[in-house]
Amino acid sequence: MRAAPVVAPFRLLALVSLLAATLAASPGGDAQARRVSLIVTGAQVVTMNPGREVLSPGAVAVDGQRIVAVDRPEAIAARFTAPETIDATGQILLPGLINTHTHAPMVMYRGLADDLALMDWLQKYIFPGEAKTVSPRMVRIGTRLAALEMIQSGTTTFADMYYFEEEVGRAAREAGLRGVLGQTIIGFPVPDAKTPADALTRTEAFIKEFAGDELITPVPAPHSMYTLDEASLKAARQLANRHGVPIIIHLAETEDESRISREKHGLTPAAYLDSIGFLSPAVVAAHCVWVGPEDRVLLAKRGVKVSHNPESNMKLASGTAPIPAFLAAGVTVGLGTDGAASNNDLDMFEAMRQAAFLHKLIARDPQAVPAAAALEMATIGGARALGLDGKVGSIEPGKRADLILVSTRGARQTPMYNPVSHLVYVARGDDVQTTIVNGRVLMRARRVLTLDEAAVLSDARALATEVGKAVGRPPV
Ligand SMILES: [Zn+2]
């Protein structure tokens, strides 16, 4: 009795202040909760961090552009509160997919000419078709269509190479996608440049327009060693050096390219580029199919990044890039779809699956490219290839919030024993529910928020009628 009057008011005071602090915090949070912009909770979180941790289940707190914490759902709930929480139960959360080689506006040529080898396809259909139909408007409408497809299928970063690349940059930025975008430099007159010198001038202007952009890295994209002379290749290289940006090129894609290089220079395409001082860790080389053991050693030594495009290589019957050998040699390999005209879509889930299957078949070894290796190429490997691994490619505190959610509750995904296996061997682009880039939700529950889907599709259909008329193949 005697002690009660002293102790009780103190306890009451403590209780009142605790209650006040709880009320001051946002609903559901406690006194210590930090307010962030977005929480994604309840998913199987495939982090792709250095330990390749998978949280079952897990949650991620995002503040502004960045991931601030990755933990168990109850730990995130205790530490953070947010105005928007996505309940991702029954879904896989993984880093957004990174397409290391495409030509976004070429979605406008999807299915225009199929079942041809690269040189026939390029020289009889694509180059002449492009000469008649590529314009800033075509690039704008095509990129919007490609962006819609990429957002819907979980691609958050793409490396591009095309004409009027500033239009690709503007459309990508509006859609909210991240891009390493290459202005094409090529040795014959094209719609945006009469000469390689013109193309170099417009590349420099393009680099200046997007310098310091949060989402877009503008880069030079010399088309290939067989469509450019030595002086233009060197000038493109110097331009990239001057601005400290990567450089994108097609390399050793076909046997024809290899033959042309040997006849002209007495060297393989890779050895020729090295002989003119072109190769460096800033080079993102698409394809690298026709590379012998010496070329592989050379590319590894120079730190060249390889973009593997299995679907395009199969469809154009170009050959098989020695990806297991590259990986064994420590070469950074990213995955790409190539343009939709040689694929014919931009679905990176399909690219992962085909990469895994192709190398198992060729090597007659089921371990040649396991599921984990295919997923690596499409995420952290792609980020390394593009020099973006400090920013994206894995789910880790401090990195930009480029995240996707993939459903796992349909018949095709049931049951699930291993999320990594499902992502590579079961999932399709259409299974992506939510796409987030730089902390911004671009698609929520399959609804794209940054593009007017109906307008993008109707603009593309109208433009296809013009393309069809110009090349004598009207769309149906
Ligand atoms: Zn290409």
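In this text, all values refer to a predicted model and were calculated from it rather than measured experimentally.

What about empty space enclosed by the protein?
Logical step 1: Under the counting rule described, the total for this entry stands at two cavities of 30 Å³ or more.
Logical step 2: The space that makes up the largest cavity amounts to roughly 200 Å³.
Logical step 3: Counting residues per element, the ones that place at least two in the lining of the largest cavity are α3 (118-133) and β9 (155-162).
Logical step 4: Looking at the lining of the largest cavity element by element, the count peaks at six residues for α3.
Logical step 5: Residues of the lining of the largest cavity, tallied by class, amount to eleven nonpolar, eight polar and three charged.
Logical step 6: Taken as a whole, the second largest cavity spans an internal volume of roughly 40 Å³.
Logical step 7: Every residue along the wall of the second largest cavity is listed here: Ile92, Val406, Ser407, Thr408, Gln413, His422, Leu423, Ala427 and Asp431.
Logical step 8: Those elements that provide at least two residues to the lining of the second largest cavity are β16 (403-407) and α16 (419-425).
Logical step 9: Here the lining of the second largest cavity is composed, by residue class, of four nonpolar, four polar and one charged.

Thoughts on the sheet that holds strand β10 (residues 178-185)
Two orientations exist for strands paired in a sheet by backbone hydrogen bonds: parallel and antiparallel.
Logical step 1: Ordered by their spatial adjacency, four strands build an open sheet running β8-β9-β10-β11, and the pairing between neighbours is parallel. Where the open sheet ends on each side, the last strands, each with one partner, are β8 (97-102) and β11 (216-222). Averaged over all pairs of adjacent strands, the angle between strand axes in this sheet comes to 15°, irrespective of strand direction.
Logical step 2: Together, β10 and β11 form the strand contacts of helix α6 (residues 196-209), whose direction differs from that of β10 by roughly 155°.

Some points on the pattern of salt bridges
Logical step 1: Counted according to the given criterion, the structure contains 24 salt bridges.
Logical step 2: As a salt-bridge pair, glutamate 376 and arginine 52 come within 3.1 Å of each other at their nearest N and O atoms. Of this pair, glutamate 376 sits in helix α14 (residues 371-378) while arginine 52 sits in the loop between β2 (38-46) and β3 (54-63); the two residues are 324 residues apart in sequence, bridging distant segments of the chain.
Logical step 3: The class for glutamate 376 is partly exposed, based on a relative accessible area of 29%.
Logical step 4: Between aspartate 213 and arginine 173 there is a salt bridge; the shortest N-O distance is 2.4 Å.

Concerning the coordination of the zinc ion
Logical step 1: On the protein side, the zinc ion has His101 (NE2), His103 (NE2), His250 (NE2) and Asp338 (OD) as donor atoms, found 2.1 to 2.5 Å from it.
Logical step 2: Classification of the site at the zinc ion rests on its four donor atoms, whose angles at the metal span 84 to 172°, yielding the label irregular.
Logical step 3: Summarised as a motif, the one-chain spacing of the donors to the zinc ion is H-x1-H-x146-H-x87-D. A residue pair is termed long-range when its members are at least 10 positions apart, and histidine 101 in strand β8 and histidine 250 in strand β12 (residues 247-251) qualify at 149 residues.

So, the sheet that holds strand β13 (residues 283-287)
Logical step 1: Spatially, four strands are ordered β12-β13-β14-β15 in an open sheet, and the strand pairing comes out parallel. Each edge of the open sheet carries a strand with a single partner, namely β12 and β15 (333-335). Between one strand and the next, the sheet's axes are offset by a mean angle of 30°, whatever the strand orientation.
Logical step 2: Bridge count between strand β14 (residues 305-308) and β15: three bridges; the pairing is parallel. Each bridged residue has a counterpart across the sheet, and for histidine 308 the counterpart in β15 is leucine 335.

Regarding the nonpolar core
Logical step 1: By size, the foremost hydrophobic cluster in this structure holds 127 residues, and its most contacted members are Tyr109 and Leu273.
Logical step 2: In terms of residue count, helix α4 (residues 136-152) provides more of this core than any other element does, nine residues in total.

Quick notes on the layout of surface pockets
Logical step 1: The computed volume of the largest pocket comes to approximately 400 Å³.
Logical step 2: Taken together, 18 residues form the lining of the largest pocket, with Val107, Met108, Arg110, Ala464 and Pro475 sitting closest to its centre.
Logical step 3: Residue composition of the lining of the largest pocket, by class: twelve nonpolar, three polar and three charged.

Here we look at helix α5 (residues 165-175)
Along an α-helix, residues three or four apart share an orientation, since each turn contains 3.6 residues.
Logical step 1: Burial of α5 is extensive: eight of the eleven residues sit out of reach of the surface.
Logical step 2: Within the span of α5, buried status applies to Glu165, Glu166, Glu167, Val168, Gly169, Ala171, Ala172 and Ala175.
Logical step 3: Of the surrounding secondary structure, the elements contacted by the buried residues of α5 are α4, β9, β10, α6, β11 and β18 (440-444).

Points about the environment of isoleucine 216
Logical step 1: Assignment of secondary structure puts isoleucine 216 in strand β11.
Logical step 2: Look at isoleucine 216 and you get buried, because its relative accessible area is 2%.
Logical step 3: In this view, isoleucine 216 contacts Gly169, Ala172, Arg173, Leu177, Gly179, Leu181 and Phe210; residues no more than four positions away in its chain are not counted.

Remarks on the confidence of the model for the protein chain
Logical step 1: Across the protein chain, pLDDT averages 93, with 93% of residues at or above 70.
Logical step 2: The model gives residues 1-29 a pLDDT under 50, and that stretch makes six contacts with residues more than four places away or in other chains.

Scoring rules and cut-offs
Residues numbered from 1 in each chain as written. Predicted model: local features only at pLDDT ≥ 70, side-chain atom pairs only at ≥ 80, totals over all residues. Heavy atoms only, no water. 1 Å grid on protein atoms, 1.4 Å probe; cavity = no way out; pocket = protein on both sides within 12 Å on 5 of 7 lines; lining within 4 Å. Points joined across faces, edges and corners; volume = space filled by probe spheres on them. Helix = DSSP H or I, 4+ residues; strand = E, 2+ residues; numbered from the N terminus. Nonpolar A, V, L, I, M, F, W, Y, C, P; charged D, E, K, R; others polar. Pairing = 2+ DSSP bridges. Axes fitted to C-alpha atoms, helices over the stretch in contact; angles between N-to-C directions. Contact = heavy atoms within 4.5 Å. Salt bridge = Lys/Arg side-chain N within 4 Å of Asp/Glu carboxyl O. Buried < 20%, exposed > 50% of the residue type's maximum accessible area, 1.4 Å probe, protein only. Donors = N, O, S within 2.8 Å, 3.2 Å for Na, K, Ca; no water. Tetrahedral: all angles 85-135°; square planar, octahedral: opposite > 155°, others 65-115°. Core = buried A, V, L, I, M, F, W, Y, C linked by side-chain atoms within 4.5 Å. pLDDT = per-residue confidence, 0-100.

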